[in-house]
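Chain by chain, the residues:
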Amino acid sequence: MSDWIERLKDEFILNFVEDDRWRYLVDGLRATIIITFSALIIGIVIGLVVATVRSTHDKTIETMHPGIGRTILKILNFICKLYVTVIRGVPVVVQLLIAYFIIFVSVTNGVVVGILTFGINSGAYVAEIFRGGIMAVDPGQMEAGRSLGFNYVQTMRYIVVPQAFKHILPALLNELIALFKETAVVGYVAVKDLTKGADIIRGRTFSPFMPLFGAALIYLVFVMFFSWIVGKLERRLRTSER
Amino acid sequence: MSADTIIKVEGLRKYFKGGAIKALDGIDTEIQRGEVVVIIGPSGSGKSTFLRCLNLLEMPTAGRILFEGTDITARSTNINLHRRKMGMVFQLFNLFPHMTVMKNLTIAPMKLLGKTKEEAEEKALALLRRVGLEDRAEAYPNQLSGGQKQRIAIVRSLCMDPDVMLFDEPTSALDPEMVGEVLDVMKQLARDGMTMAVVTHEMGFAREVASRVVFMDNGRIIEQNTPNEIFNNPQSDRLKSFLAKVL
């Protein structure tokens with residue numbers, strides 16, 4: 001038993017303490033966090049635009065007068081639909097490689113490519129979260145707002161979006177969790193994130209156990225923390241109504 | 001069109017699914033100021049669609065609707081301005097669940113009519129008192145019974161000082177013991193001279209309050225007359241068989 005503990009201690013020192021190898025994990029974690037949150041912000045911006053187009057189209061196209069506005073909305077809706085379909089239908093690793101080696105070939109900074117790729121990728125998922133949240137609000141709410149004399153934008157702002165929020169917020173945090181884990185593939189384009197950092201240690205020490213379980217533990221702790229926030233938030237949103 | 005005509009409907013048609021379903025198949029009628037028009041008919045007859053066309057919640061396929069002399073179906077008309085003058089009450093109340101009753105009642109007058117909070121709340125309170133719900137001003141809709149919700153929904157429309165009130169089956173979603181309290185508010189409104197168009201299955205209400213009853217079937221007006229004539233001296237076979245089933 002003490003023999004086993006002794007070996008674990010040696011492993012720990014070899015992988016994390018010697019040559020300050022813990023830095024690979026800390027620097028990697030920093031890169032993972034930077035990519036995750038920057039991508040989420042880009043995703044929210046893209047998602048907001050796409051969801052606005054998609055739900056405006058779905059809610060108003062039936063009652064819209066024929067004309068240039070209606071045609072533009074239909075084209076925009078088609079583009080947004082195509083974007084969501086393509087992004088959700090292709091593995092994110094493939095998207096990352098395409099971005100790094102083809103689309104952003106002039107950008108040599110892998111972190112930037114990672115942020116852009118995951119941002120564009122997450123935009124499609126966030127768009128569906130927003131759209132789902134808006135569409136989940138009873139259509140009678142829109143009718144009630146419009147019948148009082150509010151225009152479409154006012155009804156959205158005062159009545160529909162505030163109610164959509166409670167569907168959206170927990171789902172958005174879940175997207176953050178997914179994104180946090182998915183970014184582990186950025187090592188493909190030479191970014192030293194948490195996963196890559198652990199793998200570099202493994203390559204130096206030829207001892208896979210400590211660095212890989214170390215990285216796994218760090219991911220797990222962060223995800224558990226985010227999940228705890230989601231749970232708290234869901235309970236609070238539920239009690240504010242009903 | 002006389003000065004007392006508030007709504008005039010000409011050749012109103014509403015088709016769904018590219019004409020496969022003719023919900024409204026040519027409606028011509030007028031509503032005079034102060035009139036209480038009760039629209040009855042079997043389900044699927046188009047009566048709700050007709051009501052929802054009056055404030056363009058449904059966009060008519062063809063025909064014109066003139067509201068206070070303005071063709072609201074014209075593309076140049078800003079329907080939002082006219083909807084302020086047309087209150088609407090829904091079968092499922094459609095109160096805003098994320099706002100208190102007071103906020104439900106004051107948001108439209110404040111945002112659309114530019115009233116101050118004090119003005120809007122004063123009017124809301126006065127109206128709440130009239131329907132006996134002044135003590136529920138700070139409640140949320142989910143804390144209210146169905147009958148209370150519907151009375152609040154009526155007050156929400158009244159806060160905009162409408163010239164006409166549209167009721168789309170206002171008691172159909174209520175427990176039987178709550179129907180009375182909502183009908184009482186509507187009767188009081190009618191007595192106060194409000195112009196009303198009411199789609200309902202409450203034949204008692206139609207008989208007692210209506211100045212005119214409109215019977216619809218298959219997207220057309222089959223018969224319209226005073227309640228006395230409609231209920232005691234129906235002309236068409238369809239109205240006779242309908243009344244035989246519902247009375």
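To start, this report covers the structure provided alongside it.

## Structural notes on the overall build of chain B
The number of helices and strands found in chain B is nine helices and 10 strands. The C-alpha radius of gyration of chain B comes to 18 Å, within 12% of the 18 Å expected for a compact globule of 247 residues. The positive charge centre, built from 32 side chains, and the negative charge centre, built from 31, are 5 Å apart in chain B.

## A word on the pattern of salt bridges
Inspection of every chain in the model, using the stated rule, returns 23 salt bridges over all chains. B:R64 serves as the salt-bridge partner of B:D71, at 3.8 Å between the closest nitrogen and oxygen. A relative accessible area of 17% places B:D71 in the buried class. In the salt-bridge network here, residues are joined through shared partners; they are A:R54, A:D58, A:R88, A:E128 and A:R131.

## As for the interface of chain B and chain A
One frequent convention defines the size of an interface as the accessible area lost when the parts assemble. Residue-level contacts link 26 residues of chain B with 22 residues of chain A. Interface area, chain B with chain A, both sides summed: about 2200 Å², of which 60% is carbon and sulfur. The tally of links between chain B and chain A comes to one salt bridge. Counting across the chain B and chain A interface gives six residue pairs in polar contact (both at pLDDT 80 or more). If you list the elements that add at least two residues to the side of chain B that touches chain A, you get α2 (79-83), β6 (86-89), α3 (101-112) and α5 (146-158) of chain B. Ranked by residues supplied to the side of chain B that touches chain A, first place goes to α3(B) with four residues. Residues that form the side of chain B that touches chain A fall into these classes: 13 nonpolar, seven polar and six charged.

## Some thoughts on the sheet that holds strand β5 (residues 70-71) of chain B
Backbone-to-backbone hydrogen bonds join strands into a sheet, with any given pair of strands oriented parallel or antiparallel. Residues and elements named next belong to chain B. The strand order across the open sheet built from four strands is β2-β1-β4-β5, with neighbouring strands paired in antiparallel fashion. Of all the strands in the sheet, the pair left with one neighbour each is β2 (21-32) and β5. Alignment of strand β1 (residues 5-16) against strand β4 (residues 62-67), held across five bridges, turns out to be antiparallel. Following the sheet pairing, E10 is matched in β4 by R64. Against the sheet, helix α1 (residues 47-54) contacts β1, β2 and β4, and its axis sits at roughly 120 degrees relative to β1.

## Structural notes on the side chain of B:E169
Residue and element names in this part refer to chain B. Looking at the element boundaries, E169 is found in the loop between β7 (164-168) and α6 (176-191). We note that E169 is buried and unpaired, the nearest opposite charge coming from K47 at a distance of 4.2 Å. Leaving out residues up to four positions away in the same chain, E169 has contacts with K47, S48, Q91, V199 and H201.

## Quick notes on the packing of α3(B) against α5(B)
Residues and elements named next belong to chain B. Following both chains from N to C, one finds α3 and α5 inclined at 25 degrees, their axes separated by 8 Å at the closest point. Between α3 and α5, the angle falls in the class roughly parallel. For the pair α3 and α5, the crossing hand works out as right-handed. For the pair α3 and α5, contact is made by V101, N104 and L105 and by I152, V155 and R156, respectively.

## Structural notes on the packing of aromatic side chains
Residue and element names in this part refer to chain A. With the rule as written, the count across this model stands at 12 aromatic pairs over all chains. Summarising the aromatic geometry, the rings of Y100 and F101 are spaced 5.0 Å apart at their centres and angled 85 degrees between planes, so their arrangement reads as edge-to-face. Relative accessible area serves as the criterion here: at 52%, F101 is assigned to the exposed category. Taking 4.9 Å as the distance between ring centres and 40 degrees as the angle between the ring planes, the aromatic pair formed by F209 and F213 counts as tilted. Here F213 and F209 lie together in helix α9 (residues 209-239), a separation of four residues that amounts to about one turn.

## Focus: the packing of helix α4 (residues 92-103) of chain A against helix α5 (residues 110-135) of chain A
Residue and element names in this part refer to chain A. The interhelical angle for the contact between α4 and α5, taken along N-to-C directions, is 130 degrees, at an axis separation of 10 Å. Taken together, the axes of α4 and α5 are oblique relative to one another. When the axes of α4 and α5 are compared, the crossing they make is right-handed. Residues V92, Q95, L96, A99 and Y100 of α4 lie in contact with α5, whose contacting residues are G110, V113, G114, T117, F118 and N121. Grouping the constituent residues of the contact of α4 with α5 by class yields six nonpolar, five polar and no charged.

## A few points about helix α7 (residues 152-182) of chain A
Residue and element names in this part refer to chain A. The end-to-end C-alpha separation of α7 is 37 Å, well short of the 45 Å expected for 31 residues at 1.5 Å each. The largest bend in α7 comes to about 45 degrees, at V160, with the proline P162 one to four residues further on. In this structure N151 caps α7, since a side-chain oxygen of it lies 3.1 Å from the backbone nitrogen of V153.

## Brief notes about the pairing of β6(B)
All names here are of chain B. On β6, burial covers both faces: M86 and M88 on one face and G87 and V89 on the other are all buried. One ladder, built from four bridges, connects β6 with β7; its direction is parallel. Across the sheet, residue M88 finds its bridge partner in β7, namely L166.

## What to know about α4(A)
Residues three or four positions apart in an α-helix share a direction because the helix packs 3.6 residues into each turn. Residue and element names in this part refer to chain A. Inspection of α4 places V92, Q95, L96, A99 and Y100 among the buried residues, and these make up the whole buried set. Buried residues of α4, viewed axially, fall in a sector of 125 degrees; they line one side. Away from its buried face, by an angle of more than 90 degrees, α4 presents the exposed residues F101 and I102.

## Looking at the sheet that holds β6(B)
Residues and elements named next belong to chain B. The strand order across the open sheet built from six strands is β6-β7-β8-β3-β9-β10, with neighbouring strands paired in mixed fashion. Where the open sheet ends on each side, the last strands, each with one partner, are β6 and β10 (220-225). Along the sheet, successive strands turn relative to each other by an average axial angle of 20 degrees, direction set aside. Its contacts with the sheet place α1 against β3 (36-40), β6, β7, β8 (195-199) and β9 (212-217), and it is angled at close to 150 degrees to β7. Against the sheet, α5 engages β6 and β7, with an angle of about 170 degrees to β6.

Quick notes on the rules
Residues numbered from 1 in each chain as written. Chains lettered and ligands numbered in written order. Predicted model: local features only at pLDDT ≥ 70, side-chain atom pairs only at ≥ 80, totals over all residues. Heavy atoms only, no water. Helix = DSSP H or I, 4+ residues; strand = E, 2+ residues; numbered from the N terminus. Rg over C-alpha atoms; globule rule 2.2 N^0.38 Å. Lys, Arg positive; Asp, Glu negative; His and termini not counted. Charge placed at Lys NZ, Arg CZ, Asp CG, Glu CD. Salt bridge = Lys/Arg side-chain N within 4 Å of Asp/Glu carboxyl O. Buried < 20%, exposed > 50% of the residue type's maximum accessible area, 1.4 Å probe, protein only. Contact = heavy atoms within 4.5 Å. Buried area = accessible area lost by both parts, 1.4 Å probe. Polar contact = N/O pair within 3.5 Å; in protein donor to acceptor, adjacent residues only side chain to side chain. Nonpolar A, V, L, I, M, F, W, Y, C, P; charged D, E, K, R; others polar. Pairing = 2+ DSSP bridges. Axes fitted to C-alpha atoms, helices over the stretch in contact; angles between N-to-C directions. Parallel < 35°, antiparallel > 145°, perpendicular 65-115°, else oblique. Left-handed = near helix turned anticlockwise from the far one by under 90°. Phe/Tyr/Trp six-rings, centres within 6.5 Å; stacked < 30°, edge-to-face > 60°. Expected span 1.5 Å × (residues − 1). Bend = angle between axes of the 7 residues up to and from the residue. Arc of directions from axis to C-beta.

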